[in-house]
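Coordinate inspection notes
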Amino acid sequence: MEMEVLRPAGGGDPPPEAVEPKPPPWWKRAELRRKLAIAAVAVWALAITAVVLWPGGDEADAPARSLPSASPSASGAPLTVSEVYQALRPSVVLIKAGNDSGTGVIVNADGTILTAFHVVREARTITVAYADGTESPATVANSSAAQDIATLKPQKLPETLVPAVLGGGAAVGDAVVAIGNPLGLTATTTSGVVSGLERTLSRDEGGDIAGLIQFDAAVNPGSSGGPLIDDQGRVIGIVVALANPTDAGTFIGIGFAVPIGAAVGAGEGDGQNPPL
């Protein structure tokens, strides 16, 4: 922009030529200051990012930490004897049949109890005592003398009903647990293995019973009707007898159980569901 020089009125030396004003210093230039501010912000952002991505010290090369996750349990892992007992105890009952006693196991959601037929065969009255201490009268719903198996219908159910889980077949050497009431000692638990399969038991009454599981978990009078359980907590048989060459009637290492497939049908069904 041109500048107009004002001259004073009158004579005299002319004023010195006007001098162009100097531009403002570089640090006062608005445009440059704006650019410097933007650059400073960028440098600051990069510095913060570097601190986050590359922490100092020995952790600089450490891999990223992952969030903790639940460890899955081993599927099909064998249960301990204690775990089998805890799982099955609510399903096992004491059967009072006249002056005798035996064992039974709840096998259905309606309270059906599976036991040995000889436990209730001559009883005029039957009472079942549940794990929680409550008792109920019961009647024989179905039976098979040939298999020595009976099912009972209780009149009253416990406050918490826990049917047992029924299993499948067994193999020689498989670990087993027996729960029963031998000699009136309630909820006695013993363990052993399957000693043999397809055994035949000769009886004075009722004929032979074939296809039995032989096991060596200790059982005694009062254990009859109780469950034989595998290491997955499944009932694989119903205890019906023990072998003793003397007349003592005590355990010497050989017990017998009706396989659950034959027991649930009481000798009449298809081995899939307990008779109702």
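Residues numbered from 1 in each chain as written. Predicted model: local features only at pLDDT ≥ 70, side-chain atom pairs only at ≥ 80, totals over all residues. Heavy atoms only, no water.

Strand order in this closed barrel of 6 strands is E7-E8-E9-E12-E11-E10, and the pairing throughout is antiparallel. Direction aside, neighbouring strands of the sheet carry axes that sit 45 degrees apart on average. Two strands pair when backbone bridges link them, and strand E9 (residues 209–215) and strand E12 (residues 255–259) are joined in this way by 3 bridges, in the antiparallel orientation. Within the sheet, the bridge partner assigned to phenylalanine 215 lies in E12 and is glycine 255. Seen against the sheet, helix H2 (residues 81–88) touches strand E7 (175–180), strand E8 (188–201), strand E10 (227–230) and strand E11 (235–242) and runs at an angle of roughly 45 degrees to E7. (Pairing = 2+ DSSP bridges. Helix = DSSP H or I, 4+ residues; strand = E, 2+ residues; numbered from the N terminus. Axes fitted to C-alpha atoms, helices over the stretch in contact; angles between N-to-C directions. Contact = heavy atoms within 4.5 Å.)

A few words on unusual backbone geometry. In this structure, aspartate 148 takes a positive phi of about 60 degrees despite not being glycine. Tracing the chain through its elements places aspartate 148 in the loop between strand E5 (135–144) and strand E6 (149–154). The buried category is assigned to aspartate 148, whose relative accessible area is 5%. The backbone of glutamate 198 sits at a positive phi, close to 60 degrees, despite the residue not being glycine. Topologically, glutamate 198 is positioned in strand E8. (Buried < 20%, exposed > 50% of the residue type's maximum accessible area, 1.4 Å probe, protein only.)

So, about the environment of aspartate 100. Within the secondary structure, aspartate 100 is located in strand E2 (residues 100–106). C-alpha of aspartate 100 to C-alpha of glutamate 122: the two residues are 22 residues apart in sequence and 9.9 Å apart in space.

Taken in spatial order, the 6 strands line up as E1-E2-E3-E6-E5-E4 and close into a barrel, and their pairing is antiparallel. Averaged over neighbouring strand pairs, the angle between their axes works out to 40 degrees when direction is ignored. Where E5 meets E6, 6 bridges bridge the pair, whose relative direction is antiparallel. If you follow valine 140 over to E6, its bridge partner there is leucine 152.

So, about the pattern of salt bridges. Using the criterion set out here, one finds 3 salt bridges in the structure. The partner of arginine 234 in a salt bridge is aspartate 230, and the shortest N-O contact between them spans 2.9 Å. Residue class for arginine 234 comes out partly exposed when judged on its relative accessible area of 34%. (Salt bridge = Lys/Arg side-chain N within 4 Å of Asp/Glu carboxyl O.)

Across the 5 residues that make up E12, a large majority, 4, are buried. Bridging between E11 and E12 involves 5 bridges; their strand directions are antiparallel. Along E12, the bridge assignment pairs leucine 242 with glycine 255.

If you look at the biggest cluster of nonpolar residues, it comprises 38 residues, and the most contacted ones within it are Ile95, Leu114, Val120, Leu152 and Ile238. The next biggest cluster of nonpolar side chains, apart from the first, holds 11 residues, and it includes Val219, Leu228, Val239 and Ala257. (Core = buried A, V, L, I, M, F, W, Y, C linked by side-chain atoms within 4.5 Å.)

With respect to the secondary-structure elements, glycine 102 resides in strand E2. Separated by 80 residues in sequence, glycine 102 and proline 182 place their C-alpha atoms 7.6 Å apart.

Before going further, it helps to examine the layout of surface pockets. Taken as a whole, the largest pocket spans an internal volume of roughly 870 Å³. In this structure, the largest pocket is lined by 32 residues; those nearest its centre are His118, Asp148, Ser224, Val240 and Ala241. Here the element with the most residues in the lining of the largest pocket is E11; it accounts for 4 residues. (1 Å grid on protein atoms, 1.4 Å probe; cavity = no way out; pocket = protein on both sides within 12 Å on 5 of 7 lines; lining within 4 Å. Points joined across faces, edges and corners; volume = space filled by probe spheres on them.)

Okay, a negative patch on the surface next. A surface patch of like charges, here negative, comprises Asp100, Glu122, Asp204 and Glu205. Inspection of the secondary structure assignment puts glutamate 205 in the loop between E8 and E9. (Patch = residues over 30% accessible without salt bridge, like charges linked within 9 Å, V, L, I, M, F, W, Y side chains within 5 Å. Areas by Shrake-Rupley, 256 points an atom, 1.4 Å probe, with all protein chains shown as cover. Lys, Arg positive; Asp, Glu negative; His and termini not counted. Charge placed at Lys NZ, Arg CZ, Asp CG, Glu CD.)

E7 sits mainly inside the fold: 5 of its 6 residues count as buried. Pairing of E7 with E8 involves 6 bridges; the strand directions are antiparallel. Residue pairing for E8: alanine 178 is matched across the bridge by threonine 190. Bridging between E7 and E10 involves 3 bridges; their strand directions are antiparallel. Looking at the pairing, valine 176 lines up with aspartate 230 of E10.

Among the secondary structure elements, asparagine 244 is positioned in the loop between E11 and E12. Asparagine 244 has contacts with Gly249, Thr250 and Ile252, leaving out every residue within four places of it along the chain.

Inspection of the secondary structure assignment puts leucine 88 in helix H2. By relative accessible area, which is 2% here, leucine 88 ends up buried. With 18 residues separating them in the primary sequence, leucine 88 and isoleucine 106 have C-alpha atoms 9.6 Å apart. Sequence-distant contacts of leucine 88, that is, excluding residues within four places in its chain, are made with Ala164, Ile179, Ile229, Gly233 and Val235.

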